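One letter stands for each residue in the lines below.
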Amino acid sequence: MEPLLGMSDWYRQDVTSVLRNLKTDLNGLTTTEADRRLSQHGKNELIEQASKSSGRMLWEQFTATPVLLLIAAAVVSAYLGDYKDMIAILAIVLFNAFLGFNQEYRASQAFAALEKLAIPKVRVCRDNQWRVILSPYLVTGDVIMLEAGGLVPADSRLIESINLQIQEATFTGESLPVEKTVAAIATENLSLGDRRNMAYMGTLVTYGRGLAVVTETGMETELGKIAQSVQTVEQLQTPLQRRLDDFGRKLAIAILLLVGVIFVIGLSRGENLQLMILTTVSMAVAAIPEGLPAVVTIALGIGSYRMLKHQALIRKLPAVETLGSVTTICSDKTGTLTENRMQVTVVDLVGHRIDLTTKPNGYDNFSVLGLALMGATLCNNALFSEAEPNHEQALVLGDPTEVALLAIAYSLGLQKSELECQLPRILELPFDSDRKRMTTVHKTHSFDQLSRHLHQPAPDYVSFTKGAVGSLLEVCSQVWYQNRAEPLSPDWRERIETANNQLAAAGMRVLGIAFLPLERSVNPPVEQDLIFIGMLGMLDPARP
């Protein structure tokens with residue numbers, strides 16, 4: 001029998017071995033066994049550890065050495081009857097404590113954001129029947145269904161994948177979804193992003209569907225490990241806190257030495273004992289810089305407020321000074337410096353390039369642009385929300401690239417719902433990593449808009465293909481130029497490849513669009529002798 005691999009090595013086992021080691025099968029667990037595992041391992045949910053209480057957060061605001069010196073000065077001022085100084089000093093101490101407590105309390109809510117990634121319900125196979133249960137009651141060995149638009153409820157090993165793509169930016173920071181497979185991967189110590197046969201809790205299914213068997217739940221999942229690290233991070237003092245504490249200790253020692261010397265000198269000269277006590281205590285209070293904590297706290301508070309206006313929450317006030325001392329920031333690009341949202345900025349038609357950062361003037365005259373965007377909209381599986389199907393902000397489901405295509409088409413007056421009613425899809429050849437293309441076939445009926453873009457009567461059927469430009473050129477024999485098809489000559493090919501390289505060099509993701517008029521539909525759709533229309537260049541825009 002094949003030895004059982006570690007829990008982090010499920011991706012290295014084939015499906016049969018995974019099911020055997022989890023003591024389950026494709027029919028799922030029985031209800032009795034699921035209940036037993038639930039009682040043994042607990043619910044599939046993130047557990048918040050006992051966090052620092054509000055009282056402790058408040059208490060810690062009074063434990064810094066400069067603050068302790070101020071409290072001591074207030075006590076001495078009260079003893080000497082100087083109540084004005086006492087009130088002023090205590091006001092400074094309380095103001096400092098309030099700002100520090102408020103800042104730390106708001107930042108301590110980070111765990112709540114992780115809990116939002118859990119989903120309430122999931123489709124699971126129990127007793128050889130599909131049912132919907134609450135996700136906290138999932139256990140290892142459950143067979144679950146993954147569908148486009150849903151979050152993965154637990155770490156799972158895929159056992160079936162139908163064009164399944166999952167957005168894993170939560171763990172990898174990459175905006176593009178990962179195309180999933182089922183086959184075992186032999187390589188050891190793969191990063192999460194390379195484990196293409198695994199699905200992880202909290203990630204989003206953007207395309208296709210699949211079946212998976214749960215391998216880890218709750219705090220044992222990768223998301224659970226992140227939650228654990230968030231709650232157990234070691235609290236270190238910032239450089240400013242260390243310097244203030246060091247300054248406070250040195251100041252306290254210097255004051256004690258000074259007043260001690262003065263006290264001894266005064267007694268040696270025959271001064272009254274009570275007078276010397278009052279004198280030395282008064283000097284000690286005067287030597288303490290009561291305004292220093294207030295000035296520091298106010299300055300840091302202003303800095304923290306300014307950061308908050310830019311969507312950056314400072315957990316501890318002294319970190320503002322630390323951030324101001326930074327000379328170099330190392331950052332990944334996707335989703336950190338950028339919005340993690342693709343946007344079409346350029347359309348390069350054969351012989352004509354259009355900048356879409358501003359709406360093209362006279363769009364109705366750009367029949368080739370309309371044909372390209374029509375193809376990008378129809379050969380597309382992104383979905384609008386049901387509530388507002390014609391609103392740009394309602395693009396909620398799908399591959400970020402396909403969402404970007406629908407967004408630019410909508411902004412120029414093309415709505416997917418209307419196009420699909422007039423040009424219904426009858427066949428689809430899904431995208432795969434080998435072909436790097438996707439093709440859909442549509443019945444045209446009597447669609448005047450297509451005829452207007454083609455400047456000729458519409459055919460009975462039309463196919464649209466989108467994909468990598470190099471892959472498209474392999475199956476194209478013509479180009480669409482000045483409203484008619486021309487042979488794809490070496491000059492045209494060189495011109496298209498040059499434009500593609502220029503867009504790619506500018507940091508864009510480039511997709512090509514082609515079409516083919518058909519007299520009849522063929523299953524599977526034909527991808528040969530296509531007519532190349534143009535290219536769409538997309539960028540992930542930088543954050544403001």
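For the structure, see preceding data.
Bear in mind the structure is a predicted one, so any value in this text is a computation, not a measurement.

### A few points about the nonpolar core
Part 1 of the argument: Counting residues in hydrophobic clusters, the biggest one holds 37 residues, and the most contacted among them are Val-344, Leu-371, Leu-373, Phe-464 and Phe-515.
Part 2 of the argument: Every element with two or more residues in this core is listed here: strand E8 (343-349), helix H13 (367-378), helix H14 (400-411), helix H16 (448-454), strand E14 (461-467), strand E17 (509-518) and strand E18 (530-539).
Part 3 of the argument: Per-element tally for this core: the top contributor is H13, with eight residues.
Part 4 of the argument: Core analysis: the second largest hydrophobic core is formed by 24 residues, Leu-427, Tyr-461, Leu-503 and Ala-514 among them.

### Examining empty space enclosed by the protein
Part 1 of the argument: Considering all chains together, one arrives at two cavities of 30 Å³ or more under this definition.
Part 2 of the argument: In this model, the second largest cavity occupies a volume close to 40 Å³.
Part 3 of the argument: The wall of the second largest cavity is formed by Val-441, Ser-463, Leu-518, Val-522, Pro-525 and Val-526.
Part 4 of the argument: Its residues assigned to classes, the lining of the second largest cavity comprises five nonpolar, one polar and no charged.

### As for a nonpolar patch on the surface
Part 1 of the argument: A cluster of nonpolar residues, Tyr-79, Leu-80 and Leu-278, forms a patch on the protein surface that exposes about 310 Å² of accessible area.
Part 2 of the argument: For Leu-80, the position within the fold is in the loop between helix H4 (65-79) and helix H5 (83-107).

### Section: unusual backbone geometry
Part 1 of the argument: Positive phi, close to 55°, is recorded for Asp-127, a residue that is not glycine.
Part 2 of the argument: Among the secondary structure elements, Asp-127 is positioned in the loop between strand E1 (121-126) and strand E2 (129-134).
Part 3 of the argument: You can call Asp-127 partly exposed: its relative accessible area is 36%.
Part 4 of the argument: If you check the backbone angles, Gln-482 has positive phi at about 50° while not being a glycine.
Part 5 of the argument: Note that Gln-482 resides in the loop between strand E15 (476-481) and strand E16 (484-487).

### What about the environment of His-453?
Part 1 of the argument: Take His-453: it is sitting in helix H16.
Part 2 of the argument: Contact partners of His-453, with chain neighbours within four places excluded, come to Ser-367, Gly-370, Leu-371, Met-374, Trp-480 and Asn-483.

### A short note on the pattern of salt bridges
Part 1 of the argument: Summed over the entire model, instances satisfying the criterion amount to 19 salt bridges.
Part 2 of the argument: Taking the shortest distance from any N to any O, the salt bridge between Arg-425 and Glu-428 comes out at 2.9 Å.
Part 3 of the argument: Classification of Arg-425 as partly exposed rests on a relative accessible area of 29%.
Part 4 of the argument: What emerges from the salt-bridge pattern is a single network uniting Asp-9, Arg-12 and Glu-188.

Criteria and cut-off values
- Residues numbered from 1 in each chain as written.
- Predicted model: local features only at pLDDT ≥ 70, side-chain atom pairs only at ≥ 80, totals over all residues.
- Heavy atoms only, no water.
- Core = buried A, V, L, I, M, F, W, Y, C linked by side-chain atoms within 4.5 Å.
- Buried < 20%, exposed > 50% of the residue type's maximum accessible area, 1.4 Å probe, protein only.
- Helix = DSSP H or I, 4+ residues; strand = E, 2+ residues; numbered from the N terminus.
- 1 Å grid on protein atoms, 1.4 Å probe; cavity = no way out; pocket = protein on both sides within 12 Å on 5 of 7 lines; lining within 4 Å.
- Points joined across faces, edges and corners; volume = space filled by probe spheres on them.
- Nonpolar A, V, L, I, M, F, W, Y, C, P; charged D, E, K, R; others polar.
- Patch = residues over 30% accessible without salt bridge, like charges linked within 9 Å, V, L, I, M, F, W, Y side chains within 5 Å.
- Areas by Shrake-Rupley, 256 points an atom, 1.4 Å probe, with all protein chains shown as cover.
- Salt bridge = Lys/Arg side-chain N within 4 Å of Asp/Glu carboxyl O.
- Contact = heavy atoms within 4.5 Å.

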